[in-house]
Amino acid sequence: MAQIIHSRAKCIGCNACVEIAFDNWRMSKKDGKANLLKANSKKGIYTITIAEDEVAVNKLAAKNCPPNIIKVIPD
């Protein structure tokens, strides 16, 4: 298990996370920023716990995020 942390306000809408980890990310049609699916929000920081089999793909999404606003942290 691991946790994804996403600072959505700093998202530039590049779509890299969606292309890499489609099961966890979608682009908002409203503002063009990425949404972390099923995440909890606190003061603009979105978090979700993911299963071990989702960790590698989300680490790749974090690595390819130009503004570096996605973190994948082991539980």
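Above this note sits the structure.
Within each chain, residue numbers correspond to sequence positions counted from 1 in written order. Residue-level local features of this predicted model are given only where pLDDT is at least 70; pairs of side-chain atoms are given and counted only at 80 or more, and the full residue set underlies all totals for whole chains, interfaces and linings. Based on all heavy atoms of the structure, the side-chain values leave hydrogens and waters out of the count.

A. Quick look at the state of the cysteines. When two cysteine sulfur atoms are found within 2.5 Å, that pair is recorded as a disulfide. Tallied over the entire structure, the rule returns zero disulfides. With no disulfide of its own, C11 lies 6.2 Å from the sulfur of C17, the closest cysteine sulfur. Just so you know, C14 is unpaired, no disulfide at all, and the nearest cysteine sulfur is the one on C65, 5.8 Å from it.

B. How the structure looks around helix 2 (residues 52-63). Its 12 residues give helix 2 an end-to-end C-alpha distance of 17 Å, which sits within 8% of 16 Å, the value for a rise of 1.5 Å per residue. Residues V55, N58, A61 and A62 constitute the buried set of helix 2. Considered in projection along helix 2, the buried side chains sweep an arc of 130° and stay on one side of the axis. Of the residues in helix 2, the exposed ones pointing more than 90 degrees away from the buried face are D53, A56 and K63. Any two residues whose heavy atoms approach within 4.5 Å at even a single point are treated as in contact. Helix numbers and strand numbers start at the N terminus; a helix is a DSSP run of H or I with at least 4 residues, a strand a run of E with at least 2. On the buried face of helix 2, the contacting elements are strand 1 (2-7), helix 1 (16-20), strand 2 (25-27), strand 5 (45-50) and strand 6 (70-74). Given a helix with a known number of residues, its expected span is that number minus one, times 1.5 Å. Classification of residues uses two cut-offs on accessible area relative to the type maximum, computed with a 1.4 Å probe and protein chains only: under 20% is buried, over 50% is exposed, and between them is partly exposed. The arc in question is traced by the directions running from the helix axis to the C-beta atoms.

C. Molecular detail of the nonpolar core. We call a set of buried Ala, Val, Leu, Ile, Met, Phe, Trp, Tyr and Cys residues a nonpolar core when their side-chain atoms join them within 4.5 Å. Core analysis: the largest hydrophobic core is formed by 18 residues, its most contacted members being I4, C17, W25, I50, I70 and V72. Where this core is concerned, the elements lending two or more residues are strand 1, helix 1, strand 3 (34-36), strand 5, helix 2 and strand 6. With three residues, the single largest contributor to this core is helix 2. In this structure, V72 is in contact with A2, Q3, I4, V55, N58, K59 and A62, ignoring residues within four places of it in sequence.

All quantities given are derived from atomic positions and should not be read as evidence of function.
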